[in-house]
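Remarks on the overall topology
Take a look at the letters that make up each chain.
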Amino acid sequence: MRKIWLIIQREYATRVKNKRFLLVTFLMPILIIALIFGSAYLSVSGTEHRKIAVIDPNGFIKSSLKNTSQIKFEFPEKVDTSNYSSKGYTDILILPKFDSSTKTNYILKSKKSMGLMLQNSISDKINNAIEDQMLQDAGISQSMLDSIHKASQYAELKAYEDKGSASKESNAGLAMGIGYASGFLIYITLFIYGTMVMRGVMEEKTNRIAEVIISSVKPFELMLGKIVGIGAVGLTQFALWIILITSLTSVGMSLLPDDLQNQVTALQQNNGQMGQAGMMQASESAMRIYNMQHTIATANWPLILFCFVFYFLGGYLFYSALFAAVGSVVNEDPQDAQSLMFPITMPIIFSYLITNMVTQNPNTPLAFWASIIPLSSPMVMMARVAYGVPNAVTYWELALSMVLLIAGFLFTTWLSGKIYRTGILMYGKKVSWKTMIKWAFTKQF
Amino acid sequence: MDDISFDIQKGSIFGLLGPNGAGKTTLLRMITGIFYPDEGQITLDGKPFNPTEDIAKIGYMPEERGMYKKMKIGEQALYLAQLKGLSKAEANERIMYWFKKLEMESWWNKKVEDLSKGMSQKLQFVITVLHEPKLIILDEPFSGLDPLNANLIKDEIHGLAKRGATIIFSTHRMEQVEEICDHIVLVNLGKKILDGTVADIKQLYKENVFSIETNQLENINDNPVFTVVRKEGNKVFVKINQGHNSNQVLTHLINNNHPIVAYNELLPSLNEIFIKLVESTHATARAFQTI
């Protein structure tokens, strides 16, 4: 045990002290936050400005095509497809005379092609204008129309998980986000840490240090020490990320103006209402921050965190043992590693694809089976757990999946241990999965 | 590996010889417990070898030297010594002792990738003997070392043997074996073909050839006692005929009034014996294959 502990310490220390590890660990959260804010900023200010000439024989479109910060609509005379750019327009939009009995096309010509989002927003505007016109033709007044458009502001869907007396607000969007994010994180880390184990084993083999160490410890101890040590590196990274992200957000919150912070606290105390009379109305941004906090609080975080750690570790142990086995049979040629890795990476990629479907619909038979079978359960079960236990996933399903995952990684570790102890000292021979399986299931030496 | 068996005396330096691919490394891996033999057994101090318990008593320096390239030398030595069961303080003390002895004190914070081949060889040797094993197994310990460092290591090997360690030493460099080993075993194609002390083996394979140094070599010719093999400079090489001995050669020379400057027996070098034996086993193997 003391020897395994020494190996774990070395594997852990050499990686955690590595500059690249520190860089990734501290830059990643900053990068993610910068990416979110940066893309938000770019979507507001960074897009190009367009000036569109509209040729409209109908007359009623004009009121619907309102200028925005990005698009300016003008309705000039004597502009056509041949001269719009020389007159200073980026695009020309040619509308036919609309007629409800036939389908017609309208044309947008541009010097530079227009993004899909912009195209969609223009076509939405025109369709709305036509719809409004048809309603007005049918005798609905302008004021009536305006109030219809505001209908969405009168009612909002609130979904509740039915837990008898203690019904709790649920949020499908949040569940989907958590499921997707944790599935994706497990997917990425399985690859990163799995290949880290494989490369570590390959390093020991090609450096021939394996022979020196195996004259001191059993091959299985060396393999296990490496897997556990690298797994601990992964957990450390997650822990640091969580600490960094929470502290960065609280720092960000404290940088908000004082009155905004006061408003958010008031909202929290009064359950989302600016209750007391005489108090000022909550600003839109305070409301938004409150809603975000409120939504995030609806999730069962302790359970999700526990499951995440469990499924990350389980999946990591399940797959990294297999990666170690591959590393042990590869000779100097990394090409061999590629082809031997294929049977391991395929189920990981498939599980990720299934996870994407499951985040939308957590209770299909596919979702059920994929979350029970250890090959895919680490990712798929996380996506389902995000929808809540015991609503989306019953307790026995969760327990079965966990037990099978533990059994699964015990099996792969045992299997890989047998392959590893032969492979690590075998030089020169090219090994296929067939021979590896043979090593695993025949008694040797 | 086919039916190999030999004894190694405690405190002796034992040479395991054989051409490339003879099975030396495989044999050593069995002795170190890395491989298990299909049949037969290995005993240490009269008891069956138990890899889990006896592993700390063995120091193995494999032919292919292995180190973590990015790890600092001091940390690496400390780690490997602790894996052999030393406490950290103990390991530290002994590393300091050996580094001082072999003039490696300034290496502690260097990385293995910065060392030359010979330097990493020295380091590997230190790591092998740090935990004071009773049985030290060295696979080609001198490859890559300059004569100065080779002598340094050779002296250490002798010193270790004197202090009671048994040393198994595998090589195909015969001149080193002659210098160092007490006892040798020659293997080829997985079989043992020679076993004995260096002196015995030389006696066994001598061809009764003597060299006579004289200034009148033209007068020495074939006679009933010996046959002339060849003449070179002022030396005559003669082979004693069946039924005669070296004293009779001398008597014959004195009786015939040949002025003798020096007279001594020509023993075959291990190198010659090695080549002869290996070639003959290969020939037998080929003969078997053609049948």
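Rules used in this analysis
- Residues numbered from 1 in each chain as written.
- Chains lettered and ligands numbered in written order.
- Predicted model: local features only at pLDDT ≥ 70, side-chain atom pairs only at ≥ 80, totals over all residues.
- Contact = placed C-beta atoms within 7 Å.
- Helix = DSSP H or I, 4+ residues; strand = E, 2+ residues; numbered from the N terminus.
- Nonpolar A, V, L, I, M, F, W, Y, C, P; charged D, E, K, R; others polar.
- Buried ≥ 20, exposed ≤ 12 C-beta atoms within 10 Å, placed from the backbone.
- Pairing = 2+ DSSP bridges.
- Axes fitted to C-alpha atoms, helices over the stretch in contact; angles between N-to-C directions.
- pLDDT = per-residue confidence, 0-100.
- Domains from an automatic or database assignment.
- Left-handed = near helix turned anticlockwise from the far one by under 90°.

Each partner contributes residues to the interface: chain B has 20 residues there, and chain A has 17 residues. Contributing elements (two or more residues each) for the side of chain B that touches chain A: β4 (58–61) and α3 (73–83) of chain B. In terms of residue count, α3(B) provides more of the side of chain B that touches chain A than any other element does, 4 residues in total. Across the side of chain B that touches chain A, the residue classes tally to 13 nonpolar, 3 polar and 4 charged.

It is worth spelling out unusual backbone geometry at this point. All names here are of chain B. Positive phi, normally seen in glycine, also occurs at E132, with a value near 50°. Assignment of secondary structure puts E132 in the loop between α5 (117–129) and β5 (135–139). A count of 16 C-beta atoms within 10 Å places E132 in the partly exposed class. Of note in this structure, N257 is not a glycine but carries a positive phi near 65°. Assignment of secondary structure puts N257 in the loop between α9 (246–255) and β12 (260–266).

Right, let's talk about the sheet that holds strand β9 (residues 209–214) of chain B for a bit. Residue and element names in this part refer to chain B. In space, the 4 strands of this open sheet follow the order β10-β11-β9-β12, with antiparallel pairing throughout. A strand with exactly one partner marks an edge of an open sheet, and here the two such strands are β10 (226–232) and β12. Taken over all neighbouring pairs, the strand axes of this sheet differ in orientation by 25° on average, direction set aside. Bridge count for β9 against strand β11 (residues 235–240) is 5 bridges, and the pairing is antiparallel. Bridge assignment links V209 to a residue of β11, and that residue is K239.

Moving on: the sheet that holds strand β4 (residues 107–110) of chain A. All names here are of chain A. Taken together, the 4 strands give an open sheet; going across it, the order is β2-β1-β3-β4, and neighbouring strands pair in mixed fashion. Both outer strands of the open sheet, β2 (71–74) and β4, are each paired with one neighbouring strand and no more. Between one strand axis and the next, the sheet turns by 20° as a mean value, whatever way the strands run. In this sheet, strand β3 (residues 91–94) lies alongside strand β1 (residues 50–55) in parallel orientation, the contact comprising 4 bridges. Looking at the pairing, A53 lines up with I92 of β3.

Looking now at the confidence of the model for chain B. Averaged over all residues, the pLDDT of chain B is 81; the fraction at 70 or higher stands at 97%. Listed scores for the predicted complex are pTM 0.74 and ipTM 0.73.

According to the domain assignment, chain A consists of domain 1 (50–137) and domain 2 (176–246 + 301–441). Placing a centre on the C-alpha atoms of domain 1 of chain A and another on those of domain 2 of chain A gives a separation of 54 Å.

Moving on, we get to the packing of helix α8 (residues 219–254) of chain A against helix α15 (residues 395–423) of chain A. Residues and elements named next belong to chain A. One can describe the packing of α8 onto α15 by two numbers: an axis separation of 9 Å at closest approach and a directional angle of 120°. Like other packed secondary-structure pairs, α8 and α15 cross with a definite hand, here right-handed. Here P219, F220 and M223 of α8 lie close against α15, whose contacting residues are S416, G417, Y420 and R421. Of the residues belonging to the contact of α8 with α15, the class tally is 4 nonpolar, 2 polar and 1 charged.

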